[in-house]
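Residues per chain, in single letters:
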Amino acid sequence: MDELIAQLAATPATLAHLVAEADDFALDAAPGGQWNARTILAHFRDDEFLCMRAAVTRMLAEQSPVLHFLDGTAWEPGRSRLRDRKEWLLGDFALQRQASLGILRMVRPEDLHRRGIREGREFSLEQLIGVWVRHDREHVAQLEQALGETLEDVRARRAREG
């Protein structure tokens, strides 16, 4: 569990490193009809408090709650764009992730077996946390693709620029 929490804790810094030098043109370029970098950042923020943390808190408070998660294609057209500046998206996500991590760090070993239900399928809190980590990885990869540079590329470039 500690390793999963550490991976979730690293995501805000990863996102910040990836987009630090990205201008509005780079953030708004959409590769092949995919989400652009700004939308990916907004998805991280919104999914954090609307889906993942809500699911965890309900699973901790209720017996086998029925959970609903945002459908990205339905979410995107109607999402709020009021706080879409890069700095705001990064800051809002980091704040939301800290709140989630605070809850996850209080989870007891016996809580990992608590259950939730989605689309008629039951799953454990431990499984949800694993899905959360994979979700982060998938969207970080999507962000790297949108920007045309991986985190390793960014770090290597910065090391060369010294």
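Residues numbered from 1 in each chain as written. Predicted model: local features only at pLDDT ≥ 70, side-chain atom pairs only at ≥ 80, totals over all residues. Heavy atoms only, no water.

1. Examining the overall build of the protein chain
Link 1 in the chain: Broken down by element type, the protein chain carries 7 helices and 2 strands.
Link 2 in the chain: Listing each helix as α and each strand as β along the protein chain from the N terminus yields α-α-α-α-α-β-β-α-α.
Link 3 in the chain: On C-alpha atoms alone, the protein chain measures out to a radius of gyration of 17 Å, which is about the 15 Å that the 2.2 N^0.38 rule sets for 162 residues.
Link 4 in the chain: Viewed in the frame of its principal axes, the protein chain has a C-alpha envelope of about 50 × 35 × 25 Å.
Link 5 in the chain: For the protein chain, the residues scored as buried account for 44% of the 162 residues in total.
Link 6 in the chain: Sequence separation of 24 or more characterises 77% of the internal contacts of the protein chain that already satisfy a separation of 6 or more.
Link 7 in the chain: Accessible area of the protein chain: about 8,900 Å², with a carbon and sulfur share of 53%.
Link 8 in the chain: Here the protein chain holds 22 positive side-chain charges and 27 negative ones, and the gap between their average locations is 2 Å. (Helix = DSSP H or I, 4+ residues; strand = E, 2+ residues; numbered from the N terminus. Rg over C-alpha atoms; globule rule 2.2 N^0.38 Å. Buried < 20%, exposed > 50% of the residue type's maximum accessible area, 1.4 Å probe, protein only. Contact = heavy atoms within 4.5 Å. Areas by Shrake-Rupley, 256 points an atom, 1.4 Å probe, with all protein chains shown as cover. Lys, Arg positive; Asp, Glu negative; His and termini not counted. Charge placed at Lys NZ, Arg CZ, Asp CG, Glu CD.)

2. Details of the packing of helix H3 (residues 37-61) against helix H5 (residues 86-104)
Between two packed helices, both the angle of their axes relative to each other and the distance between the axes serve to describe the pair.
Link 1 in the chain: At their nearest, the axes of H3 and H5 sit 9 Å apart, and the two run at 20° to each other. Between H3 and H5, the crossing angle belongs to the class labelled roughly parallel. Helix-helix and strand crossings are classified by hand; for H3 and H5 the assignment is left-handed. Where H3 approaches H5, its residues Arg-38, Leu-41, Ala-42, Phe-44, Arg-45, Glu-48, Phe-49, Arg-53, Val-56, Thr-57 and Leu-60 are matched on the opposing element by Lys-86, Leu-89, Leu-90, Asp-92, Phe-93, Gln-96, Arg-97, Ala-99, Ser-100, Ile-103 and Leu-104.
Link 2 in the chain: Classifying every residue of the contact of H3 with H5 by side-chain character gives 12 nonpolar, 3 polar and 7 charged. (Axes fitted to C-alpha atoms, helices over the stretch in contact; angles between N-to-C directions. Parallel < 35°, antiparallel > 145°, perpendicular 65-115°, else oblique. Left-handed = near helix turned anticlockwise from the far one by under 90°. Nonpolar A, V, L, I, M, F, W, Y, C, P; charged D, E, K, R; others polar.)

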